[in-house]
Structure formats: structure tokens, C-alpha cells
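# What the coordinates show
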Amino acid sequence: MAEPTEVMTLFIVRHAEKVPDKPDPELSAQGQQRATNLAHLLQHVDLEHVYATKYQRAQQTAKPTAEMLNVAITTYAAGDSETLIKSVLEQQQNALIVGHSNTVPELVRLVGGSAVELSEQDYGDVFMLTVVNDDVITTRLSLEP
């Protein structure tokens, strides 16, 4: 008899556009629209967890999706990707993870997916990682603002 198939889907994104030149900037109007579009993209996904760093831009990117799906945002430390991914993989539940240009590629790779480096100008990449048993399928989507 075959082993049951474990399937989990993770969506890893960089926060949306931010207001420039502030220590902990909030989202710009364009960024708010992109965050809303992310929520619409994921509205039919059975997400059990939404993760974001403590920074306003990440929290505000996650908020429309979390509210639409009635899921609380769990805050994680931006510098501790390994602990987050270990926990997410152990839970085996679908999740959205909002990170930063310098952490998203690492998060994707820690799951076992493939990702390109992101520049400060790269917004809108949605890395959909489908984890089937020990295999990871990476799909890179683009989200318009």
C-alpha cells in the first residue's frame, strides 16, 4: 500500500512598495493596491498561516490576505529564516510568508525551491512552492500593483 501523499503549498512574497526614506516605512498607495491584489489572488487558497516580519511594510502587505481569510498574522524575526522554515515544514500546512528583498530568495531555497535574487526595485514576485512529500515545485508568479 502506498504512503499517503503530503502536499503543502507555501506562498513567499516580498513586501509591497513602501514610502521612501523612512526608518520603518509603511506601504505607499501603490503598495497598498498590490497588497490588496495579493489578497484577491489568494482568496480561494486554504491558508492556515500568514507570517510577516515586524516591519510595517511586511505587516501591511500581509494584512489584506489575513483579514480576507480570517487568519492571524504571526510575526517572525527577519534574520531567522531557518527557524521559521523549520517550523513551517514541521506544521505541513499552507502558508503565506511575507519577507524582504534580501530574505525571500533564502526563504525559498530553505524550503527546497529555486529563486532569483531580488533587487530593491523588484516587487510583485510571488513564489508558489508546492511541497509534495520531499519534492518541491517552484512556480514564480507576478502580481500587478
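Bear in mind that the values here come from a model prediction, so they are computed numbers and not experimental data. (Residues numbered from 1 in each chain as written. Predicted model: local features only at pLDDT ≥ 70, side-chain atom pairs only at ≥ 80, totals over all residues. Heavy atoms only, no water.)

What follows concerns helix α3 (residues 81-91). If you check which residues of α3 are buried, you get Ser81, Leu84, Ile85 and Val88. Seen end-on, α3 carries its buried residues on one side only, within an arc spanning 90 degrees. Away from its buried face by more than 90 degrees, α3 exposes Glu82, Lys86 and Glu90. In this structure, the buried side of α3 is in contact with β1 (7-14), β2 (49-52), β4 (95-99) and α4 (104-111). Gln92 sits one or two positions beyond α3 and adopts a positive phi of about 55 degrees. (Buried < 20%, exposed > 50% of the residue type's maximum accessible area, 1.4 Å probe, protein only. Helix = DSSP H or I, 4+ residues; strand = E, 2+ residues; numbered from the N terminus. Arc of directions from axis to C-beta. Contact = heavy atoms within 4.5 Å.)

All right, on to empty space enclosed by the protein then. Under the counting rule described, the total for this entry stands at 1 cavity of 30 Å³ or more. One number sums up the size of the largest cavity: a volume of about 60 Å³. Forming the walls of the largest cavity are Val13, Arg14, Ala16, Arg34, Ala35, Leu38, Thr61, Gly124, Asp125, Val126 and Leu143. Within the residue set of the lining of the largest cavity, elements represented by two or more residues are β1, α1 (29-41) and β5 (125-132). Here the lining of the largest cavity takes 3 residues from α1, the largest share from any one element. Class assignment of the residues belonging to the lining of the largest cavity gives a composition of 6 nonpolar, 2 polar and 3 charged. (1 Å grid on protein atoms, 1.4 Å probe; cavity = no way out; pocket = protein on both sides within 12 Å on 5 of 7 lines; lining within 4 Å. Points joined across faces, edges and corners; volume = space filled by probe spheres on them. Nonpolar A, V, L, I, M, F, W, Y, C, P; charged D, E, K, R; others polar.)

Take the sheet that holds β2 next. Strand pairs in the sheet, formed through backbone hydrogen bonds, run parallel or antiparallel to each other. Spatial ordering of the open sheet is given by β3-β2-β4-β1-β5-β6, a layout of 6 strands whose pairing is mixed. Where the open sheet ends on each side, the last strands, each with one partner, are β3 (73-75) and β6 (135-142). On average, each strand axis in the sheet is tilted by 20 degrees relative to the strand beside it, whichever way the strands run. Relative to β4, β2 runs parallel, the two sharing 4 bridges. (Pairing = 2+ DSSP bridges. Axes fitted to C-alpha atoms, helices over the stretch in contact; angles between N-to-C directions.)

So, on to the packing of α1 against helix α2 (residues 56-69). Where α1 contacts α2, the two axes come as close as 8 Å, and the packing angle between them is 35 degrees. Two packed elements cross with a definite hand, and for α1 against α2 that hand is right-handed. In contact with Ala35, Thr36, Leu38, Ala39 and His40 of α1, α2 contributes Gln60, Thr61, Pro64, Thr65 and Met68. Grouping the constituent residues of the contact of α1 with α2 by class yields 5 nonpolar, 5 polar and no charged. (Left-handed = near helix turned anticlockwise from the far one by under 90°.)

Don't take any of this as a statement about function, it's just geometry.
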